[in-house]
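# Descriptive analysis of the structure
The chain contents come next:
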Amino acid sequence: MNINGRSVSRETLDRLEHFVELFRKWNATTNLVAPSTLGDLWSRHIADSAQIFQLAPKPLTWADLGSGGGFPGIITAIFLAELKEGWVNLIESNNKKAAFLRVALKETGARGSVHPVRIESAHGIVGPCDVISARALAELDLLLDYIEPWAAQNVDLRCFLNKGRDYEAELEKARGRWDFDLLIHNSSVEASSVVLEISQLAAKR
């Protein structure tokens, strides 16, 4: 099977399918995503999340901010299971969602751990990371506030942030407070969406 035009192993596909079963079961009682998006679960959420790992397909240490229903953090952790290296720190302060994430990691054999803390305090618990991801979490300017402590710990930090059609306005606002290098990747799933790859983040003085 291909996801976003890239071949996926049978082992990884089995893990993803098991995750989807778990997700549908839990979403019936815990609001993990909007019910209106469940019909497009594979394209709207799985493939959209998979493209994040596909941009950095190496055994790295990740922090996934506001992991929610596991997108993209659990999907990244499932891909890392095939590499048998790398780790995803899933940061989710909602206890019900954190409980789901723990079950999903355990039952899929994905490589990650759950930190049920607020993002503002997470960097002191998680420690340095190679990569940060976030999806449908906050406006870019606020996201960079969250990310800055990790950037201060690692000058080579890279961030992959899913953004919708208003990303240009968000970028303009963020550049008022922040310096950063930017690559814009067109979404493999949504024509009007992008993945912002941000590095060399520093607050303007």
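Residues numbered from 1 in each chain as written. Predicted model: local features only at pLDDT ≥ 70, side-chain atom pairs only at ≥ 80, totals over all residues. Heavy atoms only, no water.

Condition: UniProt positions are given in the numbering used here, feature names are shortened, and annotations may be inferred rather than shown by experiment.
Under an unreviewed UniProt entry, the name given to the chain is Ribosomal RNA small subunit methyltransferase G, and the organism recorded is Rhizobium skierniewicense. According to the UniProt record, the Catalytic activity (unreviewed entry) comment for the chain reads "guanosine(527) in 16S rRNA + S-adenosyl-L-methionine = N(7)-methylguanosine(527) in 16S rRNA + S-adenosyl-L-homocysteine". Under the UniProt heading Subcellular location (unreviewed entry), the entry covering the chain gives this text: "Cytoplasm".

## Focus on helix 6 (residues 140-153)
Think of an α-helix as 3.6 residues a turn; residues three or four steps apart then line up on the same face. Definition in use: The numbering of helices and of strands both runs from the N terminus, where a helix is a DSSP run of H or I of at least 4 residues and a strand a run of E of at least 2. Multiplying 1.5 Å by the helix residue count minus one yields the expected span of that helix. One axis fitted to the seven residues ending at a residue, another fitted to the seven starting there: the angle between these axes is the bend at that residue. Only protein chains enter the area calculation, which uses a 1.4 Å probe; residues under 20% of their type maximum are buried, those over 50% are exposed, and those in between are partly exposed.
In this model helix 6 runs 20 Å from its N-terminal to its C-terminal C-alpha over 14 residues, within 8% of the 20 Å that 1.5 Å per residue would give. The largest bend along helix 6 reaches roughly 45° and is located at Ile147, with the proline Pro149 sitting one to four residues downstream. Among the residues of helix 6, those classed as buried are Leu140, Asp141, Leu143, Leu144, Tyr146, Ile147, Pro149, Trp150 and Ala151.

## Quick word on the packing of helix 1 (residues 10-27) against helix 3 (residues 73-83)
Note the threshold: Comment: axis = line fitted to C-alpha atoms, over the contacting stretch for helices; angle = value between 0 and 180 degrees taken between N-to-C directions. Roughly parallel refers to an angle under 35 degrees, roughly antiparallel to one over 145, roughly perpendicular to one between 65 and 115, and oblique to any angle outside these ranges. In this scheme, a crossing is called left-handed if the near helix is turned counterclockwise away from the far one by less than a right angle; it is called right-handed if the turn is clockwise. Residue contacts are counted whenever heavy atoms from the two residues lie within 4.5 Å of one another. Ten residue types, Ala, Val, Leu, Ile, Met, Phe, Trp, Tyr, Cys and Pro, are classed as nonpolar, four, Asp, Glu, Lys and Arg, as charged, and the remainder, Gly among them, as polar.
At their nearest, the axes of helix 1 and helix 3 sit 9 Å apart, and the two run at 150° to each other. Comparing their axes, helix 3 and helix 1 come out roughly antiparallel. Relative to helix 3, helix 1 is oriented so that their crossing is right-handed. Within the contact between the two elements, helix 1 uses Glu11, Thr12, Arg15, Leu16 and Phe19 and helix 3 uses Ile74, Ile75, Ile78, Phe79, Ala81 and Glu82. Broken down by class, the residue content of the contact of helix 1 with helix 3 amounts to seven nonpolar, one polar and three charged.

## Side note on the sheet that holds strand 3 (residues 61-65)
As a reminder, the rule being used: Only when DSSP finds a minimum of two bridges between them are two strands counted as paired.
If you trace the seven strands from one edge of the open sheet to the other, you get 5-4-3-6-7-9-8, paired in mixed fashion. Looking along the sheet, the strands with just one partner apiece sit at the ends: strand 5 (112-115) and strand 8 (178-186). Taking the axes of each pair of neighbouring strands and ignoring which way they run, one obtains an average angle of 20° across the sheet. Here five bridges tie strand 3 to strand 4 (residues 87-91), and the two strands are oriented parallel to one another. In the sheet register, Trp62 faces strand 4, and the bridge partner there is Val88. Lying on the sheet, helix 4 (residues 95-108) is in contact with strand 4 and strand 5; it crosses strand 5 at an angle near 165°.

## A word on the UniProt feature "binding site: S-adenosyl-L-methionine" (unreviewed entry) in the chain
In the numbering adopted here, UniProt assigns the feature "binding site: S-adenosyl-L-methionine" (unreviewed entry) to Gly66, Phe71, Ile119, Glu120 and Arg135. The topology assignment puts Gly66 in the loop between strand 3 and helix 3. Aside from chain neighbours lying at most four places away, what touches Gly66 is Ile91, Glu92, Ile119 and Leu137. Its location among the elements puts Arg135 in strand 6 (residues 131-135).

## Focus on the packing of aromatic side chains
The condition is simple: Working definition: rings of Phe, Tyr and Trp (its six-membered ring) pair if their centres are within 6.5 Å, and the pair is stacked with planes under 30 degrees apart, edge-to-face with planes over 60 apart, and tilted otherwise.
Enumeration over the complete set of coordinates arrives at eight aromatic pairs. Note on Phe19 and Phe23: the rings are 6.0 Å apart at their centroids and 50° apart in plane angle, and the pair reads as tilted. Residue Phe19 and its partner Phe23 are located together in helix 1, separated by four residues, close to a single helical turn. On the accessibility criterion, Phe23 (0% relative accessible area) is buried. Members of the aromatic cluster, each reached through a chain of ring pairs, are Phe19, Phe23, Trp26, Phe71 and Phe100.

## Details of unusual backbone geometry
The omega angle of the peptide bond from Phe71 to Pro72 is 0°, so this bond is cis rather than trans. Considering the arrangement of structural elements, one finds Pro72 in the loop between strand 3 and helix 3. Residue Ala136 is not a glycine yet carries a positive backbone phi of 55°. Within the secondary structure layout, Ala136 lies in the loop between strand 6 and helix 6. Accessibility expressed as a relative area gives 76% for Ala136, which makes it exposed. The backbone of Gln200 shows a phi angle near 55°, a positive value even though the residue is not glycine. Relative to the helices and strands, Gln200 resides in strand 9 (residues 194-203).

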